[in-house]
Every structure is written in structure tokens, then in C-alpha cells.
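This is what each chain is made of:
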Amino acid sequence: PEMAGGSFIEENLAPDWLKRYLAAKRAVETELLESSPPLRPIIVRPSLIYSLDRPLALPSVGAFFIGNKVGLPFVDRPVTVQALSHAIVRSMDRETVSGIQRYTEIDALNE
């Protein structure tokens, strides 16, 4: 819902199982973000995760790249499993990293 069109999609087009999943995920994220020190929440929100080892997945990966490039709401650019895993490990080592990490932050952690 924090993205343009997200509330409409979620309320009118998302299946019930997805609505339940998102509600549970947000409840956990809220608990983490509102916790007091010493907890430093790092919430990684990649969009589609892919690996070049799985060529059958590349058409859907390409669609996400295009959707993100043209500015479709709630379509983040895909990230590789390698980039995601490196970003998670690096985020634990960097005290300045906390909160929600989307693909742009994942990219920055891989620099």
C-alpha cells in the first residue's frame, strides 16, 4: 500500500491468501521497527529474486525489469540471489544499516 496503486490492488485484486500473508508480514515488520534498542531491525524486501542458473525464470525476470523501468507501481527491479545474500551479510556488519531495504539499498550494499 505504500506504493502508488498498492491499496487498490491489494483491496480489490489480491487473493485472500495474499492479503493474509501481507497482513502478517506487516505485523511482524511493525513489531521489529517499533522495538527498542538493542535490536537493530533489518527488513529486506527484494522483489523477484533470480539466478542465472535458472534460465526458465528469465522471462518473468525480464518482465519485472521492464515493469520497473517504465514505472509500474509496486514493481521493483529484480535482484540476484547472490546480490541479496551479499547485502544481507554486509548489512549485519554495518551499524548504519537498519529498517527496510529495497532493491536500491540492496544495490548500495553491494558496492
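Attention here is on the structure that accompanies the text. Just so it is clear, the model here is predicted, and its values are computed rather than measured.

Reading the values: the criteria
- Here the residue index of a chain counts from 1 through its sequence in written order.
- Only residues with pLDDT of at least 70 are given local features in this predicted model, and only at 80 or more are side-chain atom pairs given and counted; all residues enter the totals for whole chains, interfaces and linings.
- Excluding hydrogens and water, the side-chain values take into account all heavy atoms of the structure.
- Numbering of helices and strands runs from the N terminus, with a helix taken as a DSSP run of H or I at least four residues long and a strand as a DSSP run of E at least two residues long.
- Residue count minus one, scaled by 1.5 Å, sets the expected span of a helix.
- Type-normalised accessible area, obtained with a 1.4 Å probe on protein chains alone, sets the label of each residue: buried when under 20%, exposed when over 50%, and partly exposed for intermediate values.
- Arc definition: directions from the helix axis to the C-beta atoms.
- Whether two residues touch is decided by their heavy atoms; if any such pair falls within 4.5 Å, the residues are in contact.
- The patch calculation keeps residues exceeding 30% relative accessible area without a salt bridge and links them within 9 Å when they carry like charges or within 5 Å when they are nonpolar (Val, Leu, Ile, Met, Phe, Trp, Tyr).
- In these tables, accessible area is a Shrake-Rupley quantity obtained with a 1.4 Å probe, and a residue counts as shielded only by the protein chains included in the view.
- By definition, a salt bridge exists where a carboxyl oxygen of Asp or Glu is found within 4 Å of a side-chain nitrogen of Lys or Arg.

A few points about helix H3 (residues 58-69)
Owing to its 3.6 residues per turn, the α-helix aligns residues three or four sequence positions apart on the same side.
Phase 1: Here H3 spans 16 Å end to end across 12 residues, near enough to the 16 Å set by a 1.5 Å rise per residue.
Phase 2: Within H3, burial applies to Val61, Gly67 and Asn68. Looking straight down H3, one finds its buried side chains confined to an arc of 125 degrees; they lie on one side. In H3, the exposed positions that point more than 90 degrees away from the buried face belong to Pro59, Ile66 and Lys69.
Phase 3: On its buried face, H3 sits against strand E2 (49-50) and helix H5 (103-109).
Phase 4: In the segment just after H3, glycine 71 is the residue with positive phi, at about 85 degrees.

Some thoughts on a nonpolar patch on the surface
Phase 1: Residues Val28, Leu32 and Leu39 make up a contiguous nonpolar surface patch of about 240 Å² in total accessible area.
Phase 2: When you line up the elements, leucine 39 lands in the loop between helix H2 (16-34) and strand E1 (42-44).
Phase 3: Using a relative accessible area of 45% as the deciding quantity, one classes leucine 39 as partly exposed.

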